[in-house]
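Observations on the three-dimensional arrangement
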Amino acid sequence: LRTCTACKSARYCSINCQRDAWPKHKFACKTRAAKLQDEILFRRPESTHLGDCPMCLLPLEVEHTKSIMMTCCSKMICDGCDYANELRHVECPLCCQPVPTDEELDLNVMKRAETGDPVAIRQMGSKHSERGDYEAALKNFTRAAKLGDVEAHSHLVALYQGGEGVEKDEKKEIYHLEQAAIGGNALARHNLGCEEGSKGRIERAIIHFIIAASHGLDESIEMLKGWYADGHINKEIYDKARNLYQLAVDVRKSPQREAAKLAKQNLGDEQKQRDAILFKQPSSCHVGDCSICLLPLPLDVTRYEMIACCGKPVCGGCLYASVMRDGEVALDSKCPSCEQRFPQSQADRDLYRMRRAEANDAAAILEIGTGCFMKEDYSSAFDYWTQAAKLGDIEAHYNLSSLYYEGKGVEKDESKFVYHCEEAAIGGHPLARRNLGAHEKDNQNTERANKHFTIAASLGDDESLKLLEESCESGKVKKDDFAAVVRAHKAAVDATKSPQREFASVALQQLEHDKLLFKRPECSHLEDCPICLLPMDLDNEKNGMLACCSKLLCDGCMMAKKISEEERSDTDGKCPFCRQPCPKNEVEMKKNIKKRVDANDPFAIREKGLRCYEKGDHVTALELWTKAANLGDIDAHFRLGKAYSLGEGVEKDVNKQTYYYEIAAIGGHPSARFNLGAHDFNSGNIDRGVKHIMISASHGHDLSIQTIKQIYPLGYVTKEEFAAALRAHKAAVDATKSIQREASAEAQRNKTWPYVFHPDKGSHISHPRNF
């Protein structure tokens, strides 16, 4: 016989019989099914879904804050056992494993989830939910709930209630609430009572509240107390509920849990005192004021210096005005703070620093530790920074926090990272303050994070201000509060400015730029021939390019390649680099150019621009040269500089002309270097102009050496400089000579060798040519 699956009472001989009887049985069936469901729903569970503590075997508290999950084995223990375990300083007493790192924890959860562990699957769902991936969270919670995890039902209630990852569905919300309540979730039971009460079903709500209170839930007994005062329940029911509640509370008490509660209260008081110190606005940044002009120092460490002789901080403006002469430290200069001889070399600075370190100067010890860190000697750096931190150095605390965060020289330790960050932040270190804010933000403590960002921004930290701006846009920070922070940030930044500092900053930037600009490149932009490894000739008539792979070869190697092919009867003429046949006609050449351009070959893009330029299409040429320059082609920068100089395709622009010429000159382009020198010379910057022309002459640039010969009689170049320029030019020219290249030049003069097109002739694609 077939039994009705809903009411479990009626029986039928067949499915057809059941269908025929359904109209009569329908009402009785639904009534009986609802009664059976209520019997299950209102049956008081023996314990909550949390169960008992596996150590002390007492029921776990309903409040999650009074229990802790062991990350190593995912077991829930009471705070009393956790506190006792901390006092004993032992590993997990359940699995005897050390506390895993975040990476190990994620890996463990994934492994356990693959084996069908419902707790691990629910944990993965929680992580997805935190990241905002609600669809993945829904799948994990649903799977965990099917495997019997009661807490997963509570998470599903939140998703269906808020419509996150799914459409809002009250029926499914109630269903999962009931399943969680049946499983012993006291809070879900309480919420069910609230739901029934809102619909006027007071009797059902009272039963839910009584069951939840019998598990020790404070909210339910408070709700019953209010209803008793309002007359919804009588004294007998209220007393019964209160007795059950008190029994649940008493059975969960133990000396260990009371000790843990007291320790938490003491810790809370200590944390309040700590927070009062931590969130107090520092009067100034940790770097302090310049020891000479007494203005606040900027946060940018490149704009001030700790003087090695006395360890005093001096801003760039005062340092530049006191000891710098023409961008270098004057030999007769004295320290502007202690009047000692200013250290001239690294050896002098190291000597001063060691003397100060021996006298327990925290700043000197910090600098020695920084030197060890730069050499990747992290253990020594840790020792020195620890010593400096004990002597009160704020920067040392910040550096130690970085070591503990990255695990360099020490094991990663989040608590010590936070401790040293807090010490540095209290001392006025904006970066440490910002790191604390980021840490709080990662832990979902948005309010504390924004407090840290506010203080850091008010000390002049730009990144903290950007983070606060994001919070303001998302509505987590009020607009008025953010406006006040913006004003404080501007005031802090403006306080570090002065005309002397601005002048020094510009001057030093120009000096750094000139050091880079006037540093002679080791070779020209053409570099060496990839076959004979000799420097390429600056005359493009003596070089050729292979169209298949854009390799530039000297004429000597091109001729040797052709002779070798003829001797081997190699009609394909394969490239010695890419092993592809060289193009034999104009169609193949254009096809190869297009391939190289499509592959973002800067050489091919620049040469395509040359073709457009020769046809008079200066605008397209300029676009192609710009693209090639962005891809790193030096000659393209030269072409752009020339275009802005002549106004071809663009308006004349001296600034852009100089900009592109300088990049090309730094990259080793002699013609760009010569044009820069000519521009400076004609503008009255004689010394700069001569420097440029001397460098370009040293690369074998003929026009440069001719210019030097012309200006030498006028006294712009000394005899020694003139002689050095002649020697350097001759050496550069001689370095490009070889027997093969001489033979190639002879063949060109006699017009006896099938040659190739050249860059300055429009097409420099490998192609036979008769002279």
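Report follows, based on the coordinates. Every value quoted in this text rests on a predicted model; they were computed, and no experiment measured them.

1. Some details on the environment of R143
Inspection of the secondary structure assignment puts R143 in helix α5 (residues 134–146). Counting along the chain gives 30 residues from R143 to E173, while the straight-line C-alpha distance between them is 16 Å. Dropping the residues within four chain positions of it, R143 is found in contact with A113, G116 and I121.

2. Notes on the environment of D687
Along the chain, the position of D687 falls in helix α31 (residues 686–697). For the pair D687 and G677, spaced 10 residues apart in the sequence, the C-alpha separation amounts to 9.2 Å.

3. Thoughts on empty space enclosed by the protein
Evaluation of the coordinates by the stated rule reveals two cavities of 30 Å³ or more. Its boundaries defined by the atoms lining it, the second largest cavity holds a volume of some 30 Å³. Every residue along the wall of the second largest cavity is listed here: P521, A665, G668, H669, P670, R673, I695 and H699. Of the residues contributing to the lining of the second largest cavity, the split by class is four nonpolar, three polar and one charged.

4. Overview of the nonpolar core
In terms of nonpolar packing, the biggest core is built from 25 residues, with F382, W385, L400, L403 and L436 touching the most fellow members. Looking at this core, the elements with two or more residues in it are α15 (362–374), α16 (378–390), α17 (394–406) and α18 (414–426). In this view, L403 contacts F373, Y378, F382, W385, K408 and V410; residues no more than four positions away in its chain are not counted. Formed by 17 residues, the second largest nonpolar core is a distinct cluster that contains V597, L610, L640 and Y660.

5. Some details on helix α27 (residues 618–630)
In this model, α27 (13 residues) spans 18 Å end to end at C-alpha, consistent with the 18 Å of a helix rising 1.5 Å per residue. If you check which residues of α27 are buried, you get A621, L622, L624, W625, A628 and A629. Buried residues of α27 fall within an arc of 170 degrees about the axis and therefore sit on the same side. α27 presents E623 and N630 as exposed residues on the side facing more than 90 degrees away from its buried surface. The inward-facing, buried residues of α27 abut α26 (602–614) and α28 (634–646).

Analysis parameters
Residues numbered from 1 in each chain as written. Predicted model: local features only at pLDDT ≥ 70, side-chain atom pairs only at ≥ 80, totals over all residues. Heavy atoms only, no water. Helix = DSSP H or I, 4+ residues; strand = E, 2+ residues; numbered from the N terminus. Contact = heavy atoms within 4.5 Å. 1 Å grid on protein atoms, 1.4 Å probe; cavity = no way out; pocket = protein on both sides within 12 Å on 5 of 7 lines; lining within 4 Å. Points joined across faces, edges and corners; volume = space filled by probe spheres on them. Nonpolar A, V, L, I, M, F, W, Y, C, P; charged D, E, K, R; others polar. Core = buried A, V, L, I, M, F, W, Y, C linked by side-chain atoms within 4.5 Å. Buried < 20%, exposed > 50% of the residue type's maximum accessible area, 1.4 Å probe, protein only. Expected span 1.5 Å × (residues − 1). Arc of directions from axis to C-beta.

Shape is all these values report; function is a separate question.
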